[in-house]
Amino acid sequence: MKIRTQILATLGVVAVLPAISLVCIAHRETAREIGDGLDRNLRAAAERTAVQVDGFVLACLEEVRSLATLPVMQEALAAEDRPAEALEQVSQILTILEARDPVNSIAFGLVDATGTVLVDAESSMNGHSEAGRVYFRETTHTRLPWANHEPWGDNGDRVLVVSSPVRDPLGTPIGMLRLVLENATLQQILSSATSRADDHDLVLFDQDDRLVADARWPTSRHDALTAPDSRAATLSATAGNADWIGTDGAEGCPGRAAFAALKHAHWRLMAWQPRTSYEATAIELGQQRLHVLALLIGLLAIAAWLASRWIARPIQRLERAATAIADGDLDAPIPTGSGEIGTLGATLQTMRQRLLTTMHEVQQAAREAQCASAAKSQFLANMSHELRTPLTAILGFAELLVAEDRDPESHGHAATVHRNAQHLLGLVNEVLDLAKVESGTMEVRLEDFSPIDLARSVVDLLHVQARDKGLALRCRIGDVPMSMRSDPHRLKQILINLVGNALKFTDSGAVEISIGVAGEPSLLICEVTDTGPGINPDKLEALFQPFSQVDDTMTRRHGGTGLGLAISRKLARKLGGDLEAHSTLGEGSTFVLTVPADERPQARVPAPEPRAGAQRLRGRILVVEDGADNRRLLQHILQRAGAEVTLAEDGLQGVCALSQGGDPGAGLADPLPFDLVFMDMQMPVLDGLSATRRLRAMGLHIPIIALTAHAMDEARDQCLQAGCDEWATKPIQRRTLLDLCSTWLRHSERATTAHASLDR
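For the structure given in this document, a descriptive report is provided here. (Residues numbered from 1 in each chain as written. Predicted model: local features only at pLDDT ≥ 70, side-chain atom pairs only at ≥ 80, totals over all residues. Heavy atoms only, no water.)

Each helix and strand counted, the protein has 19 helices and 23 strands in total. Burial analysis of the protein (760 residues in total) assigns 43% to the buried set. In the protein, the proportion of contacts linking residues at least 24 apart, taken out of those at least 6 apart, comes to 64%. Carbon and sulfur atoms make up 54% of the accessible area of the protein, which amounts to about 39500 Å² in all. (Helix = DSSP H or I, 4+ residues; strand = E, 2+ residues; numbered from the N terminus. Buried < 20%, exposed > 50% of the residue type's maximum accessible area, 1.4 Å probe, protein only. Contact = heavy atoms within 4.5 Å. Areas by Shrake-Rupley, 256 points an atom, 1.4 Å probe, with all protein chains shown as cover.)

What follows concerns the sheet that holds strand 13 (residues 484-486). Read across the sheet, 3 strands follow the order 11-13-18 without closing on themselves; strand pairing throughout is antiparallel. Of all strands in the sheet, those with a lone pairing partner are strand 11 (447-449) and strand 18 (598-599), marking the two edges. Of the strand pairs in this sheet, strand 13 and strand 18 are connected by 2 bridges, and their pairing is antiparallel. If you follow Met-484 over to strand 18, its bridge partner there is Glu-599. Set on the sheet, helix 12 (residues 488-505) makes contact with strand 11 and strand 13; between it and strand 11 the angle comes to about 55°. (Pairing = 2+ DSSP bridges. Axes fitted to C-alpha atoms, helices over the stretch in contact; angles between N-to-C directions.)

This paragraph deals with the environment of Thr-531. Mapping Thr-531 onto the fold places it in the loop between strand 15 (523-530) and helix 13 (552-558). You can call Thr-531 partly exposed: its relative accessible area is 38%. C-alpha of Thr-531 to C-alpha of Thr-584: the two residues are 53 residues apart in sequence and 10.0 Å apart in space. Not counting the four nearest positions on each side in its chain, Thr-531 is found in contact with Thr-506, Ser-508, Gly-509, Ala-510, Glu-587 and Gly-588. Side-chain polar atoms of Thr-531 contact the backbone oxygen of Ser-508, separated by 2.7 Å. There is a polar contact of 3.1 Å between the side chain of Thr-531 and the backbone nitrogen of Ala-510. (Polar contact = N/O pair within 3.5 Å; in protein donor to acceptor, adjacent residues only side chain to side chain.)

Pairing within the open sheet is antiparallel, and its 5 strands lie in the order 2-1-5-4-3. Unpaired on one side and paired on the other, strand 2 (117-120) and strand 3 (146-152) mark the two borders of the sheet. Strand-to-strand twist in this sheet, taken as the mean axis angle between neighbours without regard to direction, amounts to 30°. Relative to strand 5 (residues 173-181), strand 1 (residues 107-112) runs antiparallel, the two sharing 6 bridges. Bridge assignment links Leu-110 to a residue of strand 5, and that residue is Leu-177. Here helix 4 (residues 134-142) sits on the sheet in contact with strand 1, strand 3, strand 4 (157-167) and strand 5, set at roughly 155° to strand 3.

Let us look at the packing of aromatic side chains. Evaluated as defined, the whole model comprises 1 aromatic pair. Ring centres 6.2 Å apart and planes at 45° place the aromatic pair Tyr-135 and Trp-152 in the tilted group. In this pair, Tyr-135 is assigned in helix 4 and Trp-152 in strand 3, connecting sequence segments 17 residues apart. You can call Trp-152 buried: its relative accessible area is 15%. We note Arg-133 situated over the ring of Trp-152; from NZ or CZ to the ring centre the distance is 3.9 Å. (Phe/Tyr/Trp six-rings, centres within 6.5 Å; stacked < 30°, edge-to-face > 60°. Lys NZ or Arg CZ within 6 Å of the ring centre and 35° of its normal.)

Turning next to the pattern of salt bridges. Going through the model one piece at a time under the given rule, you end up with 18 salt bridges. Residues Asp-680 and Lys-730 are paired through a salt bridge, measuring 3.4 Å at the closest nitrogen-oxygen approach. Here the residue Asp-680 occupies a position in strand 21 (residues 676-680), and Lys-730 occupies one in the loop between strand 23 (726-729) and helix 19 (734-759), the gap between them amounting to 50 residues. Lys-730 matches Asp-680 in its accessibility class, with the two residues each being buried. Through salt bridges that share partners, Asp-120, Glu-130 and Arg-178 make up one connected network. (Salt bridge = Lys/Arg side-chain N within 4 Å of Asp/Glu carboxyl O.)

Okay, helix 3 (residues 84-100) next. In an α-helix, one full turn covers 3.6 residues, which means residues spaced three or four apart are oriented alike. In this model, helix 3 (17 residues) spans 25 Å end to end at C-alpha, consistent with the 24 Å of a helix rising 1.5 Å per residue. Among all positions of helix 3, only Ala-86, Val-90, Leu-94, Leu-97 and Glu-98 are buried. One face of helix 3 carries all of its buried residues, which in axial projection span an arc of 110°. Away from its buried face, by an angle of more than 90 degrees, helix 3 presents the exposed residues Ala-84, Glu-85, Ile-96 and Ala-99. (Expected span 1.5 Å × (residues − 1). Arc of directions from axis to C-beta.)

The subject of this paragraph is the environment of Leu-658. Positionally, Leu-658 belongs in the loop between helix 16 (651-657) and strand 21. Through-space distance from the C-alpha of Leu-658 to that of Leu-668 is 5.8 Å; in sequence the pair is 10 residues apart. Apart from the residues lying within four places of it in its own chain, the contact partners of Leu-658 are Leu-622, Gly-667, Leu-668, Ala-669, Pro-673, Phe-674, Val-677, Leu-695 and Leu-700.

On the surface, Leu-295, Leu-299 and Ile-302 cluster together into a nonpolar patch covering about 320 Å² of accessible area. Relative to the helices and strands, Leu-299 resides in helix 8 (residues 279-326). With a relative accessible area of 52%, Leu-299 lands in the exposed category. (Patch = residues over 30% accessible without salt bridge, like charges linked within 9 Å, V, L, I, M, F, W, Y side chains within 5 Å.)

To continue, consider the packing of helix 2 (residues 71-78) against helix 3. Viewed as axis vectors pointing N to C, helix 2 and helix 3 meet at an angle of 135°, and their least axial separation amounts to 9 Å. As summarised for this structure, helix 2 and helix 3 are arranged oblique, according to the angle between their axes. In this structure, helix 2 crosses over helix 3, and the sense of that crossing is left-handed. In this structure, helix 2 contributes Val-72, Met-73, Glu-75 and Ala-76 to the contact, and helix 3 contributes Ala-86, Leu-87, Gln-89, Val-90 and Ile-93. (Parallel < 35°, antiparallel > 145°, perpendicular 65-115°, else oblique. Left-handed = near helix turned anticlockwise from the far one by under 90°.)

Before going further, it helps to examine the nonpolar core. Core analysis: the biggest nonpolar cluster contains 51 residues, and Leu-110, Leu-177, Leu-204 and Leu-269 have the highest contact counts within it. Discounting residues that sit within four places of it in the chain, Leu-177 has contacts with Val-64, Leu-67, Ala-68, Met-73, Leu-94, Gly-109, Leu-110, Val-162, Ser-163, Ser-164 and Val-166. Counting 40 residues, the second largest nonpolar core, distinct from the first, contains Val-458, Ile-513, Phe-544 and Leu-579. (Core = buried A, V, L, I, M, F, W, Y, C linked by side-chain atoms within 4.5 Å.)

Turning to the side chain of Asp-54, a few remarks are in order. Residue placement: Asp-54 occurs in helix 1 (residues 3-68). Despite its burial, Asp-54 pairs with no opposite charge; the closest candidate is Lys-263, at 6.1 Å N-O. When neighbours within four sequence positions are excluded, Asp-54 is seen to be in contact with Leu-262, Lys-263, His-264 and Ala-265. (Lys, Arg positive; Asp, Glu negative; His and termini not counted.)

Another aspect to go through is the environment of Pro-173. Among the structural elements, Pro-173 can be located in strand 5. Judged by its relative accessible area of 25%, Pro-173 is partly exposed. With 34 residues separating them in the primary sequence, Pro-173 and Thr-139 have C-alpha atoms 9.8 Å apart.

Structure below.
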């Protein structure tokens, strides 16, 4: 967003929007105050008029109740044979009362306990039964004076009916006196309560929410509205906004209303005022405030334009300079000036200088880090080579002595040497694995494998160790698929470490491997449980720290470097899973390995090739090795297996041994004097990689097996890229060495036959 737009937007946010909000709030508050004042006035008018109407109803109730207590009323109702004199006297009293108010057509009547009219001001009503009328039922039920609106006459017009029970001297109701009054008096009360200056209307509704009287309209008008009116039901339950009849007679005119209830009748009185009488003031006020708001917005627009000229332009020049610097143009000119803009320019100049300095420092640090990483890798490679090379001879000759020496004492000495050399080799492998994981160079190779075969191979590998300690090593296979996909080599490495630790620290009982699958997508769950001494739960996490062990006494008893579990957890997390431990002191421990492993629909695990075993070798083997001890070891093992062995001390001698007349420039000897080549990678004069490339360039087709003390993954890739067919790390076990030779001698025989047929 451009700075000018930002300035305008900022002014709008900090000034225009609050101004609009204040205008809207003020307008809303004013409208609310107008509405509240109107509601108060309407409520006062409704309550005041309701008191007048209620007073009229109360007066009618008192008059009827007083007349009902006259002795003549009791005499007319008490005797079984009602005297004509008493009835005549009652008739005269009622006639006099009716003549008092001819406008409202007052009709008094005396009704006995059965609802039969004995005497009525309208003589035509004498003898009629009014037992079904509301007033009779209500007065009979309550035995109290009653007043309300009720349909009357042939046309069903509603009138005001007031009744009161007539009681005998003992207080028992023996009949009732009722008064029928038309609505003209109520209309007069409402009309008198409304002056010409008032804008509001007064409307009276009965207990059924029907229109009783309307102060604004003559009798002929509200007579037409005495039928059930749905508006009345709505208005009687509504306060505030309401629709009624406007001054022009149109129904549904919007306005505001207030209601008041009568005490002596179930009626409501509505005071209503049309919207047109009060909305003009609010409209005029709103227009004035809109004019003020328009003026304010205009002033703000002018201020924004001036601000864009005085502030935006210098800032835009600073923006262009900053963008150029960010794009790499550190020589871009930076504008200067006074005030805050000048301060920003000077700050940008300082930042550019610091950026140049930081870039130089970062480049220097990157070079140093690269050198350190290269030095670390070179150190690991050299340490691996320097340790594995002598270990090859130590392990090899110790293994020969263990296998061949029959003297018990010598056999024990050789076994001790072999065991400690294996321990040293394990330490070297663990240090290298930890370095690979932490440097991020360890690769994960996904393959299809059988989890069942994986578990059984671990058991087969370690069952001898379990047997020697008198422990049971069991494998429990759950419902697992025949084929899954992960890195079986790393999984096997983790399981061997876990089971080996369990066997090492368990003195009695058993070690159990449990394999199962759970979750979606599939998770391979491997549990290794032992019956060892257990571990304090507070110290479980310390197990997974490099070079850390829980108990030094256990370390002294059983040995160990403290790297195995740390490497195993890192490998598990490298595979996308985790390794956890649970333990109870005195009962044992359980290590749980959880790794994502895709389930395969069909078993696609390739069947392992049969191992060659310790069979006799037939073939000619060239061993190119610069270490004299390792040469003698390899020669001894291979010759005892039946192979013809020739030795070379460096890569150049190896090339000469395969060349015509021993001349490396004369080409390959024909026929080839060897069937298989073991090539060490690090040698003086000519290293193994260079020698292999040279032999392949000369057309050598027989297998070459790389033999190296480097255990890093890049060493394997380098060997295969140079032309080697197989890769083996030092120290190599005798069984592995013989298996390799047997396998690749068969390959060599097939390759030689194929090559001879091509020559023909």
